[in-house]
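# Inside the fold
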Amino acid sequence: MKIGAMLLKPPKSPSDLIEVAKRIEKAGLDHLWVSHVFGFDSISVMGLIGREVPRISLGTAVTPTYPRHPTAMAQQGLTTAAFSGNRFTLGIGLSHRKIIEDFMGLSFDKPAHHMREYLSILMPLARGEQVSFSGSEYSVSNFRLNIPDVKPMPVVLGALGSKMLEIAGELTDGTNTWMVGHKTMRDHIVPGLKNPKSKVIGGVPIVLTNQVDQAKEQISKILKGYGKVPSYRAMLDMENADGPADVASVGDEKTLREEIYKYRDAGVTEFNAYIMHTDKGATERTLQFLSDLRINEGA
């Protein structure tokens, strides 16, 4: 199992973002992921980071599909892949009804149908192929991108529900999850893909600390909104978890190591650590732990 990390605390500036990326690469981790909410554009950020950090793999977790036509998504993703030496994985997802409909004023109707049509265009383009497709939402004819020095670009789908997992396993390279416990990963996510070759990226809040109760209280406050989002709430319910803190990996080195290996044994191919800054020095301690685990034990 590979070990990656999300970009740490929200960057104060573009230069701060680059410095954090350099720290994570220096730690020897395999992959660096960046979320896409209301801050920097995630794909653009990875193109810039790719010119500054030469080794680590890069990816988005995840870029919403609805605001971008699939040809535009493919073009931007392949451009980032080319400028990063083909180290880029495009992570895409539906986002959530509240964001797409309430904030953006777009329709969130028939999300599974939307994603199938979207991927019918995006995936051939990601492989460097020409595509023609006619559907109820999208139509393209003899469309092909011509981007030099780019290889087929991996695409993973943020999938939690059964329909989206099936789509991810059938049409993409795998799934990129967030806040899913290891039992739910084993019993729902991995079998739901119906594809043993699928990548399974597990995004998990994590912190190395001996102040466990205080850290979980902080995590509950920081991530409380996620527990109210229907798709995440469903995953927490499957895990019999009251809230995000109950699926976070919190504790000493032995505890964190055991937690990470539970994800590995559940079928996760890459552990994506979201390091929680719950007390002074927590970020540095946790990153060093992940570095030691990756380098000395090979996860």
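This text goes with the structure placed above it.
First, a word on what this report is: a plain description of the structure on this page. (Residues numbered from 1 in each chain as written. Predicted model: local features only at pLDDT ≥ 70, side-chain atom pairs only at ≥ 80, totals over all residues. Heavy atoms only, no water.)

### Things to note about the overall build of the protein chain
Going by this rule: For the purposes of this entry, the term helix denotes a DSSP run of H or I that reaches at least four residues, the term strand denotes a run of E that reaches at least two, and both are numbered from the N terminus. For the radius of gyration, the atoms used are the C-alpha atoms, and the globule rule reads 2.2 Å times the number of residues raised to 0.38. Three exposure classes are used, based on accessible area relative to the maximum for each residue type with a 1.4 Å probe and protein chains only: buried under 20%, partly exposed in between, and exposed over 50%. All accessibility values rest on the Shrake-Rupley procedure with a 1.4 Å probe; residue burial counts only the protein chains present in the view. When charges are counted, Lys and Arg are positive and Asp and Glu negative, with His and the chain ends excluded. To locate a charge, take atom NZ for lysine, CZ for arginine, CG for aspartate or CD for glutamate.
Across its full length, the protein chain carries eleven helices and twelve strands. For a compact globule of 299 residues, the expected C-alpha radius of gyration is about 19 Å, and the protein chain comes in at 19 Å, within 12% of that figure. For the C-alpha atoms alone, the extent of the protein chain along its principal axes is close to 60 × 40 × 35 Å. The proportion of buried residues among the 299 residues of the protein chain is 52%. When the accessible surface of the protein chain is split by element, carbon and sulfur atoms take 50% of a total near 13,900 Å². Here the protein chain holds 35 positive side-chain charges and 33 negative ones, and the gap between their average locations is 2 Å.

### Let's talk about the packing of helix α3 (residues 70-83) against helix α5 (residues 111-126)
Put simply, the rule is: Between the N-to-C directions of two axes lies an angle of 0 to 180 degrees, each axis being a line fitted to C-alpha atoms and, for a helix, fitted only over the stretch in contact. Each angle is binned into one of four classes, with values under 35 degrees roughly parallel, values over 145 roughly antiparallel, values of 65 to 115 roughly perpendicular, and all other values oblique. The handedness criterion is simple: a crossing whose near helix is rotated anticlockwise from the far helix by less than a right angle is left-handed, and one whose near helix is rotated clockwise is right-handed. Contacts are assigned to residue pairs that have any heavy atoms within 4.5 Å of one another. Side-chain classes follow a simple rule in which Ala, Val, Leu, Ile, Met, Phe, Trp, Tyr, Cys and Pro form the nonpolar group, Asp, Glu, Lys and Arg form the charged group, and the remainder, Gly included, forms the polar group.
Axis separation between α3 and α5 bottoms out at 9 Å; the angle between their running directions is 30°. Taken as axis vectors, α3 and α5 run roughly parallel relative to one another. Of the two possible hands of crossing, α3 and α5 adopt the one that is right-handed. Counted together, P70, T71, M73, A74 and L78 of α3 and Y118, I121, L122, L125 and A126 of α5 form the full contact between these two elements. By residue class, the composition of the contact of α3 with α5 is nine nonpolar, one polar and no charged.

### Some points on the nonpolar core
How we decide: In this description, a nonpolar core means a group of buried Ala, Val, Leu, Ile, Met, Phe, Trp, Tyr and Cys residues linked to one another through side-chain atoms lying within 4.5 Å.
Counting 90 residues, the largest nonpolar core has L7, I49 and I92 as its most contacted members. Per-element accounting of this core gives the leading share, eight residues, to α5. Not counting chain neighbours up to four residues away, the residues in contact with L7 comprise L17, V20, A21, I24, L32, W33, V34, V45, I49 and Y274. Among the nonpolar cores identified, the runner-up in size contains six residues, and W33, V62, V156 and I201 belong to it.

### Describing the pattern of salt bridges
To keep things clear, this is the line we draw: For this document, the term salt bridge refers to a Lys or Arg side-chain nitrogen within 4 Å of an Asp or Glu carboxyl oxygen.
For the structure shown, the criterion picks out 16 salt bridges. One salt bridge connects E284 with R23, and the closest N-O pair in it is separated by 3.8 Å. A residue pair is termed long-range when its members are at least 10 positions apart, and E284 in helix α11 (residues 282-297) and R23 in helix α1 (residues 14-26) qualify at 261 residues. The exposure class assigned to E284 is partly exposed, which follows from its relative accessible area of 44%. D102 is paired through a salt bridge with K98; the nearest N and O atoms lie 3.8 Å apart.

### Considering a nonpolar patch on the surface
To keep things clear, this is the line we draw: A patch consists of residues exposed above 30% relative accessible area that lack any salt bridge, with like charges linked at up to 9 Å and nonpolar side chains (Val, Leu, Ile, Met, Phe, Trp, Tyr) linked at up to 5 Å.
Taken together, the side chains of V37, F38, F103, M104 and L106 present a nonpolar region at the surface, about 510 Å² in accessible area. Position of F38 relative to the elements: it lies in the loop between β2 (31-34) and α2 (42-52). Its relative accessible area of 60% is what places F38 among the exposed residues.

### Points about the packing of aromatic side chains
Filter applied, for reference: Working definition: rings of Phe, Tyr and Trp (its six-membered ring) pair if their centres are within 6.5 Å, and the pair is stacked with planes under 30 degrees apart, edge-to-face with planes over 60 apart, and tilted otherwise. Either the NZ atom of lysine or the CZ atom of arginine qualifies as a charge over a ring when it sits within 6 Å of the ring centre and within 35 degrees of the ring normal.
According to the stated counting rule, one finds seven aromatic pairs in the structure shown. Ring centres 5.7 Å apart and planes at 80° place the aromatic pair Y118 and Y138 in the edge-to-face group. Here Y118 is found in helix α5, whereas its partner Y138 is found in the loop between β6 (131-134) and β7 (139-143), with 20 residues between them in sequence. A relative accessible area of 0% places Y118 in the buried class. Over the face of the ring belonging to Y261 we find R264, whose NZ or CZ atom lies 4.2 Å from the ring centre.

### So, the pairing of β2
Just so we agree on the cut-off: Two strands qualify as a pair provided DSSP detects at least 2 bridges between them.
Residues H31 and W33 of β2 are buried on one face, and the alternating residues L32 and V34, pointing to the opposite face, are buried as well. Examined bridge by bridge, strand β1 (residues 2-6) and β2 share three bridges and lie parallel to one another. From the neighbouring strand, M6 faces β2, where its bridge partner is W33. Summarising the sheet, β2 and strand β3 (residues 57-60) pair through four bridges and their orientation is parallel.

### Here we look at helix α9 (residues 230-238)
One turn of the α-helix equals 3.6 residues, which is why residues spaced by three or four share an orientation. To be explicit about the condition: Arc, as used here, means the arc of the directions from the helix axis to the C-beta atoms.
Inspection of α9 places Y232, M235 and L236 among the buried residues, and these make up the whole buried set. Taken down its axis, α9 places every buried residue within 100° of arc, on the same side. Looking at the packing, one finds that the buried side of α9 touches β9 (174-178) and α7 (182-193). Backbone geometry just after α9 places N240 at a positive phi near 55°.

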